[in-house]
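# Chains, contacts and geometry: an overview
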Amino acid sequence: MEEWEPNILVIACNWCTYQAADMAGSLRYCYPPSVKVVRVPCSGRIEPEFVIEALLNGAIAGSKGLKFAEVMKEFDETVRKLGPNTLKKV
Amino acid sequence: MYPDKEEDPFNPKVLRELCEALGAEAPYYSKLVDCCGMGALRSTDPEKSFTLVKEKLECIKDELDADIIVTTCSSCLIQLDDAQERLRKEGKLNFSIPVLHYVQLLALCMGFDPNQVAEISVTPRDEIINKIIKG
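So, here's what we can say about the structure. (Residues numbered from 1 in each chain as written. Chains lettered and ligands numbered in written order. Predicted model: local features only at pLDDT ≥ 70, side-chain atom pairs only at ≥ 80, totals over all residues.)

### Looking at helix 3 (residues 46-64) of chain B
Residue and element names in this part refer to chain B. In plain terms, the rule: Strands here mean DSSP runs of E at least two residues long; helices mean DSSP runs of H or I at least four residues long; both are numbered from the N terminus. Expected helix span is computed as 1.5 Å times (number of residues minus one). Between the buried cut of 20 or more and the exposed cut of 12 or fewer other C-beta atoms within 10 Å of a residue's own C-beta lies the partly exposed class, and all C-beta atoms are placed from the backbone. The directions considered for the arc run from the helix axis to the C-beta atoms. Residues are treated as contacting if the C-beta atoms built from their backbones sit within 7 Å of each other.
Between its first and last C-alpha, helix 3 extends 26 Å over 19 residues, near the 27 Å set by a 1.5 Å rise per residue. Taken together, the buried positions of helix 3 are occupied by Ser-49, Phe-50, Leu-52, Val-53, Lys-56 and Leu-57. The buried residues of helix 3 occupy an angular sector of 160 degrees when projected down its axis, which confines them to one face. Turned more than 90 degrees off the buried face of helix 3, the exposed positions are Glu-47, Lys-48 and Asp-62. Those residues of helix 3 that are buried lie in contact with helix 2 (39-44) and helix 4 (74-89). The first or second residue beyond helix 3 is Asp-65, which carries a positive phi of 45 degrees.

Structure, rendered in structure tokens:
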């Protein structure tokens, strides 16, 4: 069996966190590839259904470039400790 | 699972179509998807937050000279309505555009009592509400 990899979904507002993620990329700060970023026009755009769908797909739920990279690293480590999301089996 | 009618969230059309269904014109303007400045910014850096909302309001005034601003976000509603009055009081804004939640606009168009469905606002709305009621 292949080793479990965390699946971290970041829903980022275009005007704040996404800018940080973009900056993190531009400045070549590394953050784990387990992190996937979805850009939204505003955090108000996020429907509860988005989060539920992400969780059902096995995701685990998170502004400044370096800060983004650091938080994502930390998040990845925490998630690895927590292990896979059991909702995915539902 | 989630049927999303919005094909491109960065060129949103659903709200504009819903307004058009009520007989209004809802044209595009260049800061349509720009941030209203609410969210965490309003509590952490009010000055920047007011700069964002001022730019958005000025764009709405300059490009559309709108009679009304309609939003489906209660957070944007508070910001666009309340910050407008603050900016006016500080002499940073010399116009006034009433703001309504889409549901309030719909209720008014369906003939509900404005005092029950659209009473609370900072920026005056009476004029536009009377205009809507008269049809």
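### Some words on the pairing of strand 1 (residues 8-13) of chain A
The side chains of a regular strand alternate between the sheet's two faces. Residue and element names in this part refer to chain A. Operational definition: The handedness rule is simple: strands pointing away from the viewer, and a clockwise path from the first strand over the helix to the second, make the crossover right-handed.
The element strand 1 is extensively covered by neighbouring structure, given that 6 of its 6 residues are classed as buried. Burial along strand 1 is two-sided: the face carrying Ile-8, Val-10 and Ala-12 and the face carrying Leu-9, Ile-11 and Cys-13 are both buried. The β-α-β motif built from strand 1, the intervening helix 1 (residues 17-26) and the parallel element strand 2 (residues 35-40) has right-handed crossover chirality.

### A few points about the environment of B:Ala26
Residue and element names in this part refer to chain B. Along the chain, Ala-26 falls in the loop between helix 1 (14-21) and helix 2. The exposure class of Ala-26 is partly exposed, given the 19 C-beta atoms found within 10 Å. Considered as a pair, Ala-26 and Val-70 are 44 residues apart in the sequence and their alpha carbons are 9.2 Å apart. For Ala-26, the contacting residues outside a window of four places in its chain are Arg-16, Cys-19 and Glu-20.

### Examining the interface of chain B and chain A
For clarity, the threshold we go by: The residue classification treats Ala, Val, Leu, Ile, Met, Phe, Trp, Tyr, Cys and Pro as nonpolar and Asp, Glu, Lys and Arg as charged. All others, Gly included, are polar.
Contacts between the two partners involve 10 residues from chain B and, on the opposite side, 11 residues from chain A. When its residues are assigned to classes, the side of chain B that touches chain A shows 8 nonpolar, 2 polar and no charged.

### A short note on the pairing of strand 2 of chain A
Rules: Whether two strands pair depends on DSSP finding at least two bridges between them.
Sheet topology places strand 1 of chain A next to strand 2 of chain A; 6 bridges connect them, and they run parallel. Across the sheet, residue A:Leu9 finds its bridge partner in strand 2 of chain A, namely A:Lys36.

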